[in-house]
Amino acid sequence: MCGIVGYVGRDRGQGSSVLDSVAPAVDQESADGQHGALDVVMEGLRRLEYRGYDSAGVAVITADGIESRKKAGKLTNLVEELAADPLPRSLTGIGHTRWATHGGPTDQNAHPHLADGGKLALIHNGIIENYAELKAELTGEGLTFLSDTDTEVAAGLVGYLYRGLVESGAQGDLLTLALQQACQRLHGAFTLLAIHQDQPGTVVAGRRNSPLVVGLGDGENFLGSDVSGFIDFTRRAVELGQDQIVTITPDDVTITDFFGAPAEGTEFHVSWDAAAAEKGGFESFMEKEIHDQPDAVGQTLLGRSDVSGRLVLDELRIDESILRSVDKIVVLACGTSAYAGQVAKYAIEHWCRIPTEVELSHEFRYRDPIVNEKTLVVAISQSGETMDTLMAVRYAREQGAKVVAICNTNGSTIPRESDAVLYTHAGPEIAVASTKAFLAQITAAYLLGLYLAQLRGNKFRDEIADVLADLAEIPAKIQAILDDAEKIKQLGADMANAKSVLFLGRHVGFPVAMEGALKLKELAYIHAEGFAAGELKHGPIALIEEGQPVVVVMPSPRARDSLHAKVVSNVQEIRARGAVTIVIAEEGDTSVAAYSEHVFYVPASPTLLAPLLTTVPLQIFALALASAKGYDVDQPRNLAKSVTVE
Ligand code: AGP
């Protein structure tokens, strides 16, 4: 939640070219290619807006001191504000897009917040839990506050400490010192970035349990909530540890802990390119990301086996003897990632014969779970920053469990705090509603399951090779669904006035049904619920009335245990009560047409791999329905891409 950017550059002369359409005519780039702070910050905010879009703001250091502009609503409002009231050229700046926690989404509550008589500007991501206590203390010292935010209290504290240092005659980098002292007093989760007009050419940041990465440039340096904050300018990045302060100047990056002791970060190369985070001709990021899915699955499979067909997961640096002795797997995740875990449970238990539980991260650690050295925790997170999952990972490790992260974001916190990581290679996912990350997560979790089965001897090599061969066919099958999506798009658009849509599935189709319902809730703001088809008769069937749309994820007729016949019976039961059924079935399953108002076929696949296909029409359906309602599918209301608060 909240996107944060910081920039500082060396003065190499001035020119007059304008960088982009985001901040028209607001800043300049010099003739030798030097960036203006506002260019960089606005470009970073444009890329980070998916993290929160309740308000946006910037502050820069100019010859006359700190200047700031901020505006409630989406980034475009700030762009308009900057066009109406431009900022002078600057080489030091910070910017913020907000997902509101303390205080509503107003201009006043937007960041940056100023302190020290307007000489200091500060932005923040996270929640400062002891802000009320600090506010009372600072008010007692004569400070006044204009907003309802915890951030303004943090700004006030840093400004107050800065002033104290000046008055005590302290020398040197007082902003870094003040931020160190402030961070020692703050409780909760935070990334703070501050600039002070008396220290042009310096941006100081502190982090605890909240994301921050450094971008390394030539005569310029960057800060971002994630690498997309500076991906247009550099691919060299530095991961920071917990409870660290980083000070960037044009030529230096200095890292300490909160007490000033020197610390180090870890440099890494950003493999995503800027174009991967653009819409590429599609109307929305979500549409583009749905179309990225053949690639997302293909890339996640790439390079995971050796010439003899043996599965090799180099990143899985956990002692093989520990993996052999695992007697329980606990998958921890939230939202869509948790549904990926639920799909994977069927496969992992089937292939490895290890009992596997899937638990929402925020429920896990508060119920005294049974976790020990023989438990393997699999933490699934697209962003790698979800606070609920991070806290659950920490708890599990404290209990002695080994943790493998399945993550899409290099340099993020969850992989860094896990024992090993299996990266999904879906590329940047910008739309708030997760699509390609979901399929990539299932793929990665399947690779993990197959690897454990190989290691523990649950499956013969040729059996594993067969599943890998089936997985290798999935990208082309997804492409076939995408190439033939007009009918489902049309149905989504035709159903724009639906008040409620139910989803039914069985076996691996059950989590797919829940994921289909989640997509519709978050994008179209209508009631949608996913049920296990077998559970219908135990209560939910009472919801069925004349005209109720029900999407059914039909198992393959070739599947074991007559699941197909049972779900067909469920379809008949709801049709008899007036439901309008929309069935996602396997190609060749001609029997369902007689029982469905609408049928959409996906290519045949083994049962366990079917979710990689049946999910796709549900994504397209939700996208089409929400688009027909005129909603912003990339930035649905009230949501943020990366949920970094508990
Ligand atoms: C899915 O469309 C949502 N945006 C949300 O449920 C998401 O999957 C969840 O917040 C978990 O995020 P993560 O994968 O980054 O941890």
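Residues numbered from 1 in each chain as written. Predicted model: local features only at pLDDT ≥ 70, side-chain atom pairs only at ≥ 80, totals over all residues. Heavy atoms only, no water.

1. Re the pattern of salt bridges
Now for step 1: According to the stated counting rule, one finds 33 salt bridges in the structure shown.
Now for step 2: Arg 324 is paired through a salt bridge with Glu 320; the nearest N and O atoms lie 3.4 Å apart. Here Arg 324 pairs with Glu 320, and both are found in helix H8 (residues 320-324), just 4 residues apart, close to one helical turn.
Now for step 3: According to the relative accessible area criterion, Glu 320 is partly exposed, its value standing at 34%.
Now for step 4: Among the salt bridges present, the one from Glu 349 reaches Lys 345, with a minimum N-O distance of 3.5 Å. One end of the pair, Glu 349, and the other, Lys 345, are both in helix H9 (residues 335-352), 4 residues apart, so they sit about a helical turn from each other.
Now for step 5: A relative accessible area of 25% places Glu 349 in the partly exposed class. (Salt bridge = Lys/Arg side-chain N within 4 Å of Asp/Glu carboxyl O. Helix = DSSP H or I, 4+ residues; strand = E, 2+ residues; numbered from the N terminus. Buried < 20%, exposed > 50% of the residue type's maximum accessible area, 1.4 Å probe, protein only.)

2. Things to note about unusual backbone geometry
Now for step 1: That bond from His 111 to Pro 112 is cis: its omega, 0 degrees, falls within 30 degrees of zero.
Now for step 2: With respect to the secondary-structure elements, Pro 112 resides in the loop between strand E4 (92-98) and strand E5 (113-115).
Now for step 3: Even without being a glycine, Asp 368 presents a positive backbone phi close to 55 degrees.
Now for step 4: Within the element layout of this structure, Asp 368 appears in the loop between helix H10 (361-364) and strand E17 (375-381).
Now for step 5: Even without glycine at this site, His 507 takes up a positive phi of about 60 degrees.
Now for step 6: The residue His 507 is located in the loop between strand E20 (500-505) and helix H17 (509-524) in this model.

3. Describing empty space enclosed by the protein
Sizing a probe to match a water molecule and rolling it over the atoms shows the empty space that remains.
Now for step 1: According to the stated counting rule, one finds 5 cavities of 30 Å³ or more in the structure shown.
Now for step 2: In this structure, the largest cavity occupies an estimated 190 Å³ of space.
Now for step 3: If you trace the largest cavity, you find 21 residues lining it, with Met 554, Pro 555, Ser 556, Ala 610 and Thr 614 closest to the centre.
Now for step 4: Elements represented by at least two residues in the lining of the largest cavity include exactly H17, strand E23 (580-586) and helix H19 (611-628).
Now for step 5: When its residues are assigned to classes, the lining of the largest cavity shows 13 nonpolar, 6 polar and 2 charged.
Now for step 6: Estimated volume of the second largest cavity: approximately 150 Å³.
Now for step 7: Forming the boundary of the second largest cavity are 18 residues, of which Tyr 50, Arg 51, Asp 226, Trp 272 and Thr 409 lie nearest the centre.
Now for step 8: Among the residues forming the lining of the second largest cavity, the class breakdown is 7 nonpolar, 6 polar and 5 charged.
Now for step 9: Looking at which domains feed residues into the lining of the second largest cavity, each of domain 1 (3-278) and domain 2 (282-472) supplies at least three. (1 Å grid on protein atoms, 1.4 Å probe; cavity = no way out; pocket = protein on both sides within 12 Å on 5 of 7 lines; lining within 4 Å. Points joined across faces, edges and corners; volume = space filled by probe spheres on them. Nonpolar A, V, L, I, M, F, W, Y, C, P; charged D, E, K, R; others polar. Domains from an automatic or database assignment.)

4. A short note on the packing of helix H4 (residues 150-167) against helix H5 (residues 174-185)
Each pair of packed helices can be described by the angle between their axes along with the distance between the axes.
Now for step 1: Close contact between H4 and H5 brings their axes to 8 Å; oriented N to C, the two are set at 130 degrees. For the element pair H4 / H5, the angle class is oblique. Note on packing geometry: the crossing formed by H4 with H5 is right-handed. Along the contact surface, H4 presents Leu 157, Val 158, Leu 161, Tyr 162, Leu 165 and Val 166, while H5 presents Leu 174, Leu 175, Leu 177, Ala 178, Leu 179, Gln 181, Ala 182 and Arg 185.
Now for step 2: Partitioning the contact of H4 with H5 into residue classes produces 12 nonpolar, 1 polar and 1 charged. (Axes fitted to C-alpha atoms, helices over the stretch in contact; angles between N-to-C directions. Parallel < 35°, antiparallel > 145°, perpendicular 65-115°, else oblique. Left-handed = near helix turned anticlockwise from the far one by under 90°. Contact = heavy atoms within 4.5 Å.)

5. Side note on the packing of aromatic side chains
Now for step 1: Tallied over the full model, the rule gives 7 aromatic pairs.
Now for step 2: Summarising the aromatic geometry, the rings of Tyr 7 and Phe 222 are spaced 5.3 Å apart at their centres and angled 50 degrees between planes, so their arrangement reads as tilted. Of the two residues, Tyr 7 sits in strand E1 (residues 3-9) while Phe 222 sits in strand E10 (residues 220-224), which places them 215 residues apart along the sequence. Per residue, the accessibility class of Tyr 7 equals that of Phe 222, and both read buried.
Now for step 3: Here the aromatic rings of Phe 364 and Tyr 395 are separated by 5.9 Å at their centres, their planes lie at 85 degrees, and the arrangement is edge-to-face. Here Phe 364 is found in helix H10, whereas its partner Tyr 395 is found in helix H11 (residues 387-398), with 31 residues between them in sequence.
Now for step 4: One aromatic cluster is present, built from ring pairs that chain together Tyr 7, Phe 222, Phe 230 and Phe 233.
Now for step 5: We note Lys 74 situated over the ring of Tyr 53; from NZ or CZ to the ring centre the distance is 5.2 Å.
Now for step 6: The side chain of Arg 637 reaches across the aromatic face of Tyr 525, ending 4.0 Å from its centre. (Phe/Tyr/Trp six-rings, centres within 6.5 Å; stacked < 30°, edge-to-face > 60°. Lys NZ or Arg CZ within 6 Å of the ring centre and 35° of its normal.)

6. Structural notes on the sheet that holds E4
Now for step 1: A sheet is described by the order of its strands in space; here 8 strands give the open sequence E3-E2-E4-E1-E10-E9-E11-E14, paired in antiparallel fashion. Since the sheet does not close on itself, it has two edges, and those belong to strand E3 (65-72) and strand E14 (266-269), each with one partner. Going from strand to strand, the sheet's axes swing by 20 degrees on average, the running direction of each strand aside.
Now for step 2: Most of the contacts of helix H1 (residues 37-48) go to E1, to which it runs at about 160 degrees, and overall it touches E1, strand E2 (55-62), E4 and E10.
Now for step 3: Where helix H2 (residues 75-84) meets the sheet, it contacts E2 and E3, and its direction lies at approximately 135 degrees from that of E3. (Pairing = 2+ DSSP bridges.)

7. Topic: the domain arrangement of the protein chain
Now for step 1: We note that the domain assignment places domain 1 (3-278), domain 2 (282-472) and domain 3 (485-640) within the protein chain.
Now for step 2: Between the C-alpha centres of domain 2 and domain 3 there is a distance of 25 Å.
Now for step 3: Every contact between the two is made by 28 residues of domain 2 and, on the other side, 26 residues of domain 3.
Now for step 4: On the domain 2 side of the interface with domain 3, the three residues burying the most area are Tyr 339, Tyr 346 and Val 432, jointly 27% of the side's total.
Now for step 5: The interface formed by domain 2 and domain 3 contains 0 salt bridges.
Now for step 6: Counting residues per element, the ones that place at least two in the side of domain 2 that touches domain 3 are helix H6 (285-291), H9, helix H13 (436-456) and helix H14 (461-472).
Now for step 7: Here the side of domain 2 that touches domain 3 takes 9 residues from H9, the largest share from any one element.
Now for step 8: Its residues assigned to classes, the side of domain 2 that touches domain 3 shows 17 nonpolar, 9 polar and 2 charged. (Buried area = accessible area lost by both parts, 1.4 Å probe.)

8. Focus on the site of the ligand
Now for step 1: Around the ligand, a shell composed of 14 residues is seen, among which Ser 337, Ser 381, Ser 383, Thr 386 and Glu 522 lie nearest.
Now for step 2: Thr 336 is positioned such that a nitrogen or oxygen atom in its backbone is 3.2 Å from an oxygen atom of the ligand.
Now for step 3: Within the side chain of Lys 519, an N or O atom sits 3.0 Å from an oxygen atom of the ligand.
Now for step 4: In isolation the ligand exposes 410 Å². Once the protein is present, 90% of that is buried.
Now for step 5: If you list the elements that add at least two residues to the shell around the ligand, you get H9 and H17. (Near = heavy atom within 4 Å. Polar contact = N/O pair within 3.5 Å; in protein donor to acceptor, adjacent residues only side chain to side chain. Areas by Shrake-Rupley, 256 points an atom, 1.4 Å probe, with all protein chains shown as cover.)

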